[in-house]
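One-letter residues, chain by chain:
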Amino acid sequence: MSDRLLIDQVLAGNPTAVARAISRVERGGTIARDTIRAIFSHSGRAHIVGVTGAPGTGKSTLVNELAKEFRRRRGQVAIIAVDPSSPFTGGAILGDRLRMQDLTGTGIFIRSMATRGYLGGLAAAVADALVVLDAAGFDPIIVETVGAGQGEVDIAKNAHTTVVLEAPGFGDDIQAIKAGILEIADVLVVNKADREGANRTAAALEMNLSFNKDEGAQAWRPPVLKTIALKGEGVTAVADAIEKHRAFLGEHGLRESKERARIEDELVNVLQRELVARALDVATPQRIADLIERVASRELDVYSAAEQVLGKFDGRRPTKDAGQV
Ligand code: GDP
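Keep in mind it's a predicted model, so treat the numbers as computed, not measured.

1. Here we look at the packing of aromatic side chains
Tallied over the full model, the rule gives two aromatic pairs. Summarising the aromatic geometry, the rings of F109 and F138 are spaced 5.6 Å apart at their centres and angled 45° between planes, so their arrangement reads as tilted. Of this pair, F109 sits in strand β3 (residues 109–114) while F138 sits in the loop between α6 (122–135) and β4 (141–146), placing them 29 residues apart in sequence. Take F109 and F138: they sit in the same class, and that class is buried. Seen in terms of ring centroids, W220 and F248 are 5.3 Å apart; in terms of plane orientation they differ by 55°. Their pairing is tilted. Remark: F248 occurs in helix α10 (residues 235–251) and W220 occurs in the loop between α9 (198–212) and β7 (224–226); sequence separation between them is 28 residues. For W220, a relative accessible area of 16% puts it in the buried group.

2. Observations concerning the packing of helix α2 (residues 15–27) against α6
The contact between α2 and α6 brings their axes to 9 Å, and the two run at 155°. Regarding the angle of α2 to α6, the classification is roughly antiparallel. For the element pair α2 and α6, the recorded crossing hand is right-handed. When α2 is examined against α6, the residues V18, A21, I22 and V25 are found in contact with a partner set consisting of D128, A129, V132 and L133.

3. Here's the deal with the sheet that holds β4
Ordered in space as β3-β2-β4-β1-β5-β6-β7, the seven strands form an open sheet in which the pairing is parallel. In this open sheet, the two edge strands, each paired with only one partner strand, are β3 and β7. Ignoring strand direction, the axes of neighbouring strands in this sheet form an average angle of 20°. Across six bridges, the pairing between strand β1 (residues 48–53) and β4 is parallel. If you follow V51 over to β4, its bridge partner there is E144. Its contacts with the sheet put helix α4 (residues 59–72) on β1, β2 (78–83), β4, β5 (161–166) and β6 (187–190), and the angle it makes with β4 is roughly 175°. Running at roughly 150° to β5, α10 makes contact with β1, β5, β6 and β7 of the sheet.

4. Quick look at the site of the ligand
Every one of the 15 residues lining the ligand counts as a neighbour, but G56, K59, S60, T61 and D194 are closest to it. Measuring from an oxygen atom of the ligand, one finds a side-chain N or O atom of S60 at 2.5 Å. Within the side chain of D194, an N or O atom sits 2.9 Å from a nitrogen atom of the ligand. Coverage of the ligand by the protein amounts to 71% of the 580 Å² it exposes when considered alone. By residue class, the composition of the shell around the ligand is five nonpolar, six polar and four charged.

About the criteria used
- Residues numbered from 1 in each chain as written.
- Predicted model: local features only at pLDDT ≥ 70, side-chain atom pairs only at ≥ 80, totals over all residues.
- Heavy atoms only, no water.
- Phe/Tyr/Trp six-rings, centres within 6.5 Å; stacked < 30°, edge-to-face > 60°.
- Helix = DSSP H or I, 4+ residues; strand = E, 2+ residues; numbered from the N terminus.
- Buried < 20%, exposed > 50% of the residue type's maximum accessible area, 1.4 Å probe, protein only.
- Axes fitted to C-alpha atoms, helices over the stretch in contact; angles between N-to-C directions.
- Parallel < 35°, antiparallel > 145°, perpendicular 65-115°, else oblique.
- Left-handed = near helix turned anticlockwise from the far one by under 90°.
- Contact = heavy atoms within 4.5 Å.
- Pairing = 2+ DSSP bridges.
- Near = heavy atom within 4 Å.
- Polar contact = N/O pair within 3.5 Å; in protein donor to acceptor, adjacent residues only side chain to side chain.
- Areas by Shrake-Rupley, 256 points an atom, 1.4 Å probe, with all protein chains shown as cover.
- Nonpolar A, V, L, I, M, F, W, Y, C, P; charged D, E, K, R; others polar.

As C-alpha cells, this is what we get:
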C-alpha cells in the first residue's frame, strides 16, 4: 500500500490500515513522524477515556464490557491496552487473545502495547497511536493501563476522563489510595461487587474523596460506582458517568485546558527526544567513549563531560534518525 493510500484508508476508518499505521508509529523515527504529520490535522475530536487500577481488579473485563456498551450507543470504539510488564506487543499473549476473541465481530478495535521496542518511550507511542485512532474517527478511545508506575499514571492522567478501578479483597488497603492515583480519578469503580467487602471499599473511597476534593459548585465530584464486570452489571452506569463527565468538561471549558496540558507534556517529551538525539549525533561514538574514560578516571565529572558534548551542539537536524538513539 502506498503511503498516500494508507493515509486515505486510515482517515476512512479502515481497521487494517489503522493497525498498520499504529505499527508505523510504534517503530518511531522518520516513518512515525511522517505518519503523524499526514493525519494530525484530522485528530482532536475523540473523547479519550483512561482506565487504570491494580492488576487483577478486573480492568480488561470491565473495559471490554464498557467498549460493548459504547458500541451499542453507536460509538466507533477503540481500546489501547497498555501492559508495561509484558515483553510482547501486538496481542501475542494468551490473555490478550482471549479478550480479543470476546470482541470478535463487535466492530471494536483493540490493540495491545507493551514496553518492548519503543525507543521514544511507551507514553510517546501511546500518544501517537491515539492520534491515529482519533484521526480514523474512533470515539471514544479507551486506554487501559496498570496503575502501578509513574509512566502509567501519566498516561491515564492525560485522558479526558480517568476511571480508577478498585476491587475488594486486597486486604484493608485501598490500592488507589496507596498508589496515589485517587487524585486523578473522575469516576471511581469498585468492581467485583459480588464479593464480600465491596461496600466497605466504596465507603472508604467516598471518605477519602471528601478529604481530597474541593466542594465548590464548579468542581466535579467523582461518583463511586459498583460493578460486577464479569456479568456486565453496573456497566451502563459507568458509561453514563463517563458521558456526564464529558459533558461537564465541555460546559466548563475544561476540555481545552486538558488538551493544552496534554500537548505541553507531549511537546516537552518530543523536544527531549529530539534534542538528545541531535546532541548525540554531533558527538561521535569515539568521542563519547573518550569522555567516558575521562569521567571514569575522574579527570572530568559527568556535568563537564555533558557540557563538552553540548558545546559542539548547534541544534541542527541529525544525519541519522532521531528515533534510533
Ligand atoms: P485486570 O488484571 O485488572 O485486567 O483484571 P481481569 O479483567 O483480567 O480480571 C481478573 C480476574 O477477575 C479474572 O479472573 C476475571 O474473570 C475476574 N473478574 C473480573 N470482574 C469480576 C467481577 O465483577 N466479579 C468477580 N468475582 N470476578 C471478576
